[in-house]
Amino acid sequence: MNEALQIDWGGLAPLIIVFAAAFGGLLVEAAVPKAVRLYVQVGLAVAALAAAFVTVTVLLLGDKQTTAFSIEGTAIGSVVLDGPGLFLQATIAILAIVAVLLLAERRTTRGGDFVAEAAVVADSAADIQQRRSDGATEIFPLTLFAVGGMMMFVTAGDLLTMFVALEMLSLPLYLLCGLAKRRRLISQEAALKYFLLGAFASAFYVYGMAMLYGFAGTVDLAGINQAGISSGQPRLFLYIGVAMLAVALLFKAGAVPFHMWTPDVYTGAPTPVTALMAACVKVAAFGGLLRVFNVGLASSAWDWHLILTVIAVATMLGGAIFAVTQRNIKRLLAYSSIANAGYLLVGVIALGEAVGQTMFYLAAYGFTVIAAFAVVSLVRDGDEEATHLSRWAGLGKNSPGTAVVVTILMLALAGLPFTSGFAAKFSLFAAALQADELGLVIVGVVSSAILAFPYLRVVVLLWLNEPAPDAPTVNLPSPMAGTVVAAGVVATLFLGLFPGYLLDIVDQASIFLNT
């Protein structure tokens, strides 16, 4: 063949950097002495993610709108370098840096939150003995592989590449969820649930991809969108394909009724992994949803609009109502994540009118929720996290600084003015109104009002209740965990007070290639 494949190496540089660092982390595990391995792994991961963030930022500022591969000038849409994809890559990279710092925290728990040897039988004598040991450092290359998969997922231009990226981001997370040092059986149960349900979701994705290929004759998203107008194949293929594909993507997003794994996994996984999932996986999942529905299925919006609207309503109301009944702070944040998935689905349904506002929401929510889980990891009963809300009573009297941080984060999650949560919801709902989605906006406002109750209840517990005689302690964080909390609080306040800076950026980066 005389056809020459052209590759945009500059556009692929962020992915190359992250995956190269992940493989480098495996070499570090084999070659670097254990005494210094943690510092090498953390430095490598942070440096790689920072380099990827800078590279993506340069591409984004250059207003890049192209594909990474082409043959004789004909674009191949496997990896698409456009505004939304690059912005979401940058968001994932910066949130991943914050998450890696939380993964590296060692001061709150001796040796960290992760088990030293995962193969040791849970709660055996050897397991109890290894609780005094430093946690495994393999978590860092696993995290980089997952982050690389997320960054590929949001720029995938066809369903096959998207599936590879989906598996790349999922498999390391299944492992990371089961590596908690304490309460290992609960952690392993969470990992098994996530793995089994994730495997079913992947099967749905492949079946949906096959149906859409049968309908359109291609797995390219732009080709599927064109087939929605001109294909002579039975539209039943399209309906089945969209339904199966949506099941897999909505599972990753944690939308009702595909949300059942979320509370158990968020509770059982090590808290730093929960923070990574709540922020970065949420960005990746909705990045994929935005691309699929805006680029691949916009021409058939009439066919899927109603069912996705029903799912969004159920997700907003279900997440908020179940959050009210929670007595565990991690489960409260899990159901909050489900409700927020419903708000983000409003942006997906609104299509091009709300792409930029949805990306703003993802960035704002990501910083807030990572900081929230970081604080959860600091409030402890001995060696265990004090996750029951009753244990947080009176925290404002014993640790006023921590209580102020928690208050800011809870108010942001509740969507009160002068926080990033308010700016994100206001901009998203305003965009949805412009897209004539009044019903969804009304449900979103009602859901937000319901969801404010459990957040404000936490604030009341902190400041107006008396602490118990055996009240939990707030561990002094290391500079790494302190940086995580500080970054989350600063981003929450800055994006609440000055949202225009980021809104201008997302507005300019909201156009998908081939739309």
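Before any of the text, the structure's been laid out above.
Residues numbered from 1 in each chain as written. Predicted model: local features only at pLDDT ≥ 70, side-chain atom pairs only at ≥ 80, totals over all residues. Heavy atoms only, no water.

K.L.:
Describe the overall build of the chain, naming the residues involved and giving the relevant values.
P.N.:
Looking only at helices and strands, one finds 20 helices and six strands in the chain. Relative to the globule expectation of 24 Å for 515 residues, the C-alpha radius of gyration of the chain, 22 Å, shows essentially globular dimensions. Referenced to the eigenvectors of the C-alpha coordinate spread, the extents of the chain come out at roughly 70 × 55 × 40 Å. Every one of the 515 residues in the chain was classed for burial, and the buried ones make up 61%. Entry remark: accessible area of the chain is about 19,100 Å², with carbon and sulfur atoms responsible for 69%. Taken together, the 25 basic and 30 acidic charged side chains of the chain have centroids lying 12 Å from each other. (Helix = DSSP H or I, 4+ residues; strand = E, 2+ residues; numbered from the N terminus. Rg over C-alpha atoms; globule rule 2.2 N^0.38 Å. Buried < 20%, exposed > 50% of the residue type's maximum accessible area, 1.4 Å probe, protein only. Areas by Shrake-Rupley, 256 points an atom, 1.4 Å probe, with all protein chains shown as cover. Lys, Arg positive; Asp, Glu negative; His and termini not counted. Charge placed at Lys NZ, Arg CZ, Asp CG, Glu CD.)

K.L.:
How would you sum up the packing of aromatic side chains? Please name residues and give values.
P.N.:
Within the structure shown, the criterion is met by 15 aromatic pairs. On the basis of an interplanar angle of 25° and a centroid distance of 5.6 Å, the ring pair of F163 and Y205 is categorised as stacked. With a gap of 42 residues between them, F163 in helix 6 (residues 159-177) and Y205 in helix 7 (residues 184-216) connect regions that are remote in the sequence. Residue classification places F163 among the buried positions, given a relative accessible area of 19%. When the ring of F251 is compared with that of W261, the centres are 5.3 Å apart and the planes differ by 40°; the resulting orientation is tilted. Within this pair, whereas F251 is found in helix 9 (residues 235-253), its partner W261 is found in helix 10 (residues 261-268), the two being separated by 10 residues in sequence. Each member of the pair, F251 as well as W261, carries the same accessibility label: buried. Joined through ring pairs, the aromatic side chains of Y174, Y194, F195, F251, W261, Y266 and F373 make up one cluster. (Phe/Tyr/Trp six-rings, centres within 6.5 Å; stacked < 30°, edge-to-face > 60°.)

K.L.:
An account of the pairing of strand 3 (residues 74-81) is needed here, citing residue identities and associated values.
P.N.:
Pairing geometry for strand 2 (residues 66-71) and strand 3, over five bridges, is antiparallel. Note on strand 3: the bridge partner recorded for I71 is T74. Between strand 2 and the antiparallel strand that follows it, strand 3, lie two residues; E72 among them carries a positive phi value of about 50°. (Pairing = 2+ DSSP bridges.)

K.L.:
Describe the nonpolar core, listing the residues and the values that go with them.
P.N.:
Among the nonpolar cores identified, the biggest contains 185 residues, and L173, Y205 and M277 are the most heavily contacted of them. Setting aside chain neighbours within four positions, we find M277 in contact with L173, C177, Y194, W261, V265, Y266 and K282. (Core = buried A, V, L, I, M, F, W, Y, C linked by side-chain atoms within 4.5 Å. Contact = heavy atoms within 4.5 Å.)

K.L.:
Give a description of the pairing of strand 2 that names residues and reports values.
P.N.:
The sheet contact formed by strand 1 (residues 5-7) and strand 2 spans three bridges and is antiparallel. Bridge pairing links Q6 to S70 in strand 2.

K.L.:
Can you explain the sheet that holds strand 5 (residues 384-385)? Please cite residues and give values.
P.N.:
The antiparallel open sheet is built from three strands, whose spatial order is 5-4-6. If you trace the sheet from one side to the other, it starts and ends with strand 5 and strand 6 (473-474), each paired once. Bridge count between strand 4 (residues 379-381) and strand 5: two bridges; the pairing is antiparallel. Bridging from a neighbouring strand, D381 pairs with E384 of strand 5.

K.L.:
Let's hear about the sheet that holds strand 1: which residues, and what values?
P.N.:
If you walk across this open sheet you meet the three strands as 1-2-3, and the pairing is antiparallel. Unpaired on one side and paired on the other, strand 1 and strand 3 mark the two borders of the sheet. Between one strand axis and the next, the sheet turns by 30° as a mean value, whatever way the strands run. (Axes fitted to C-alpha atoms, helices over the stretch in contact; angles between N-to-C directions.)

K.L.:
Describe a nonpolar patch on the surface, and please don't skip the residues or the numbers.
P.N.:
Residues F418, V490, L493, F494, L497, F498 and Y501 make up a contiguous nonpolar surface patch of about 750 Å² in total accessible area. Looking at which element gives the most residues to the nonpolar patch, the answer is helix 19 (residues 479-497), with four residues. Locating F498 in the fold gives a position in the loop between helix 19 and helix 20 (500-508). (Patch = residues over 30% accessible without salt bridge, like charges linked within 9 Å, V, L, I, M, F, W, Y side chains within 5 Å. Salt bridge = Lys/Arg side-chain N within 4 Å of Asp/Glu carboxyl O.)

K.L.:
Give me the packing of helix 14 (residues 355-378) against helix 16 (residues 400-414): which residues, what numbers.
P.N.:
It is the contact of helix 14 with helix 16, at a shortest axis distance of 10 Å, that shows an interaxial angle of 145°. Along this stretch, helix 14 crosses helix 16, giving a crossing that reads as left-handed. Along its contact with helix 14, which presents Y365, T368, A371, A372 and V375, the element helix 16 presents T402, V405, V406, L409, A412 and L413. For the contact of helix 14 with helix 16, a count of residues per class yields nine nonpolar, two polar and no charged. (Left-handed = near helix turned anticlockwise from the far one by under 90°. Nonpolar A, V, L, I, M, F, W, Y, C, P; charged D, E, K, R; others polar.)

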